[in-house]
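# Structure at a glance
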Amino acid sequence: MLHRPLQSVARICNSRIRALATYVTQDEFASSCCKLDLSPKDKVVVALSGGPDSMALLYLAKRYFERVAAVTINHGIRAESEDEAVRVQKWASELGVEACIRSLQLHASPNQGEARRGRYAALTQFCLNEAFCTPCDGLLTAHHLDDKIETVLMRIGANSGINGLNGIPSKRLLQSNKLDSTLLAEIDPELRARLRSGPNVYRPLLSFRKEQLIATCREYNLNFVEDPSNSDTRYKRNNIREALQNLYKTIPAEDVEHLANTLCDVREQVVLACAQWQENDQVYSLNSTGDSATLDIDALLAKPKTMAHFLLTALVSAIGNSRRISSRHRHVEEVLSMAIATRHALEHGDAIPPPWCVGGCVVSIQAKRNNVFQHSKQKSKKLILHIRRQQLRA
């Protein structure tokens, strides 16, 4: 048995070993990139805020990829934003990466959604036209596991339905004019092939905790800044983050992580079921320009509501450009309710409702005569749901 002084030394050493083990190793990062089909030869851009997450990402990316550029977005919301951007640019240069600064012209008090849209517009422009002589192969963002858990909980609280369980996808298309079609592309291989042009957004740190990224910065002596807005309780995400820290005192973080991943797995099973459903039955037909679709209401209502809900969500978001997941959920509930009510109305000889607008779409229901039995005169009405993009007035 060790003497007390030696026991103390052993505890200190073991504590130090555990602390060292928490940082993200280069091999772990390489494994994460391989799972996303990212090659060391890809030309990538790192979205660099200067926080511990993005500084750790920049350091790891520089050692994995042959060609790395970085871009720092100055939102101009805080007085010190410009000075911080210049400081972050200097840190990137010390790591051997050229970082460019792009400043946004936002109004005095933008909300987080407006800031995000402006940020991604600037990132898209940089990745397609400015980073290299040709468009880059991918944009890397530093979203991590804690972000994913927070997003899942926020979407549950926003009544976002099955789609909200995905949290943050590890990969999606960059170009903003096609973002709303990526949900439908999960179940439509033809659309997915059409969307493959252009770079993707990749999140190679989604399996790592924030504390691991902070440990990575400490391990490699990386500078970073802390954005004070991350502790501003006016933002819902920050309140969720604070609540999670209290939750972790009662329920281990690993258990909460397991729950979030399980919910994501449930969503993935629904996606696979919908993809198989479309492949086998061609439930819906999307036109070549992607601004209208038709589908069989009876086929839709015959499936579990979760599948019908996901399919309609994908179509409404793709056609109507409905970006807010909570809004899409409400819109889809309205369409499903109207479809059920119309089926009941026809059975009682009532009229079909007129077209209505929902989620940036014009939705209408049409009844067609349909022979039930081949050698019978009995007929029924087949209900077809039409969804087309609403034309906005100039």
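For every chain, the first residue of the written sequence is number 1, and numbering continues from 1 along that sequence. Local features in a predicted model are, by the rule used here, given only for residues with pLDDT of at least 70; side-chain atom pairs are given and counted only at 80 or more, and totals for whole chains, interfaces and linings are based on all residues. To get the side-chain values, all heavy atoms of the structure are used, and hydrogens and water are removed first.

Let us look at the overall build of the chain. Working definition: helices are DSSP H or I runs of at least four residues, strands are E runs of at least two. Numbering for both runs from the N terminus. Of the regular secondary structure elements, the chain holds 14 helices and 11 strands. Residue contacts are defined here by distance: any two heavy atoms, one from each residue, within 4.5 Å place the two residues in contact. In the chain, of all internal contacts separated by at least 6 residues, the share reaching a separation of at least 24 is 71%. Here the open area of atoms and residues is found with the Shrake-Rupley method and a 1.4 Å probe, where only the protein chains shown may cover a residue. Taken as a whole, the chain presents about 21100 Å² of accessible surface, with 50% of it coming from carbon and sulfur.

On to the pairing of strand β8 (residues 292-296). Consecutive side chains along a regular strand alternate between the two faces of the sheet. One ladder, built from 3 bridges, connects strand β7 (residues 284-286) with β8; its direction is antiparallel. Residue pairing across strands places S285 opposite T294, the latter belonging to β8. Here, a strand pair is defined by DSSP locating no fewer than two bridges between the strands. Between β7 and β8, which pair antiparallel and follow one another directly, the connecting turn spans 5 residues, one of which, G290, has a positive phi of 75 degrees.

The subject of this paragraph is the pattern of salt bridges. Criterion for a salt bridge: a side-chain nitrogen of Lys or Arg within 4 Å of a carboxyl oxygen of Asp or Glu. Taken as a whole and judged by the stated rule, the model has 9 salt bridges. Across the pair K382 and D296 runs a salt bridge whose closest N-O atoms are separated by 3.7 Å. Separated by 86 residues along the polypeptide, K382 in strand β11 (residues 379-389) and D296 in strand β8 bring together distant segments of the chain. Between E333 and K305 there is a salt bridge whose closest N-O contact spans 3.5 Å. One end of the pair, E333, is in helix α14 (residues 325-347); the other, K305, is in helix α13 (residues 305-320), with 28 residues separating them in the sequence.

Looking now at the packing of helix α11 (residues 253-281) against α13. The interhelical angle for the contact between α11 and α13, taken along N-to-C directions, is 80 degrees, at an axis separation of 10 Å. Considering the angle they form, α11 stands roughly perpendicular to α13. Every residue of α13 that contacts α11 at R267, V270, V271, A273, C274 and W277 is listed here: T306, M307, A308, F310 and L311. Lines fitted to C-alpha atoms define the axes, with helix axes restricted to the stretch in contact, and inter-axis angles between N-to-C directions lie between 0 and 180 degrees. Note on angle classes: values under 35 degrees are labelled roughly parallel, values over 145 roughly antiparallel, values of 65 to 115 roughly perpendicular, and the remainder oblique.

This brings us to the packing of aromatic side chains. Geometry of aromatic contacts follows a simple scheme: Phe, Tyr and Trp rings, the Trp one being its six-membered ring, pair when their centres are within 6.5 Å, and the pair is stacked under 30 degrees between planes, edge-to-face over 60, tilted otherwise. One pass over the full model with this rule turns up 4 aromatic pairs. With a centroid separation of 6.1 Å and an interplanar angle of 85 degrees, the aromatic rings of F29 and Y64 are classed as edge-to-face. With F29 in helix α2 (residues 26-35) and Y64 in the loop between α3 (52-62) and β2 (67-74), the pair connects residues that are 35 residues apart, well separated along the chain. When the centroid spacing of 4.3 Å and the interplanar angle of 25 degrees are considered together, the rings of Y59 and Y220 count as stacked. Remark: Y220 occurs in the loop between α9 (210-219) and α10 (236-247) and Y59 occurs in helix α3; sequence separation between them is 161 residues. Take Y59: its relative accessible area is 12%, and that puts it in the buried class. Joined through ring pairs, the aromatic side chains of Y23, Y59 and Y220 make up one cluster. Over a ring means this: the NZ of a Lys or the CZ of an Arg is within 6 Å of the ring centre and within 35 degrees of the ring normal. Sitting above the plane of the Y59 ring, R63 keeps its charged end 3.8 Å from the centroid. Its end group placed over the ring of Y120, R172 keeps NZ or CZ at 4.9 Å from the ring centre. For every residue, the accessible area obtained with a 1.4 Å probe (protein chains only) is divided by the maximum for its type, and the residue is called buried under 20%, exposed over 50%, and partly exposed between those limits.

On to the nonpolar core. Ranked by size, the top nonpolar core spans 39 residues in total, and within it I187, L295, L311, L312, L385 and I387 carry the most contacts. The greatest single-element share of this core, amounting to 10 residues, is contributed by α13. Among all residues touching L385, those that are not within four sequence positions of it are A293, T294, L295, I297, L312, V335, V363, S364 and I365. In these notes, a set of buried Ala, Val, Leu, Ile, Met, Phe, Trp, Tyr and Cys residues joined through side-chain atoms within 4.5 Å is what counts as a nonpolar core. Core analysis: the second largest hydrophobic core is formed by 35 residues, M55, Y64, Y202 and V225 among them.

Bringing the state of the cysteines into the picture now. Pairs of cysteine sulfur atoms within 2.5 Å are identified as disulfides in what follows. Taken as a whole and assessed by the stated rule, the structure comprises 0 disulfides. With no disulfide of its own, C136 has C127 as its nearest cysteine by sulfur position, at a separation of 3.8 Å. The exposure class of C136 is buried, given its relative accessible area of 4%.

Turning next to the pairing of strand β1 (residues 43-47). Most of β1 sits out of view: 5 of its 5 residues are buried. Alternating residues of β1 divide into K43, V45 and A47 and V44 and V46, and every residue in both groups is buried. Of the strand pairs in this sheet, β1 and β2 are connected by 5 bridges, and their pairing is parallel. From the neighbouring strand, V45 faces β2, where its bridge partner is A69. Note on handedness: a clockwise path from strand one over the helix to strand two, with the strands aimed away from the viewer, defines a right-handed crossover. In terms of handedness, the path from β1 via α3 over to β2 forms a crossover that is right-handed. Pairing geometry for β1 and strand β4 (residues 138-140), over 3 bridges, is parallel. Its bridge partner being in β4, V46 is matched across the sheet by L140.

By definition here, a helix of n residues has an expected span of 1.5 Å times n minus one. Its 14 residues place the ends of helix α4 (residues 81-94) 20 Å apart at the C-alpha level, agreeing with the 20 Å of an ideal helix rising 1.5 Å per residue. Regarding α4, the residues found buried are S81, E84, A85, V88, W91 and A92. Down the axis, α4 shows its buried residues gathered within 120 degrees of arc, on one side only. For α4, exposure combined with an orientation more than 90 degrees from the buried face picks out E82, D83, S93 and E94. In this fold, the buried residues of α4 make contact with α3, β2 and β3 (99-103). Two residues or fewer after α4 comes G96, characterised by a positive phi angle close to 85 degrees. The arc in question is traced by the directions running from the helix axis to the C-beta atoms.

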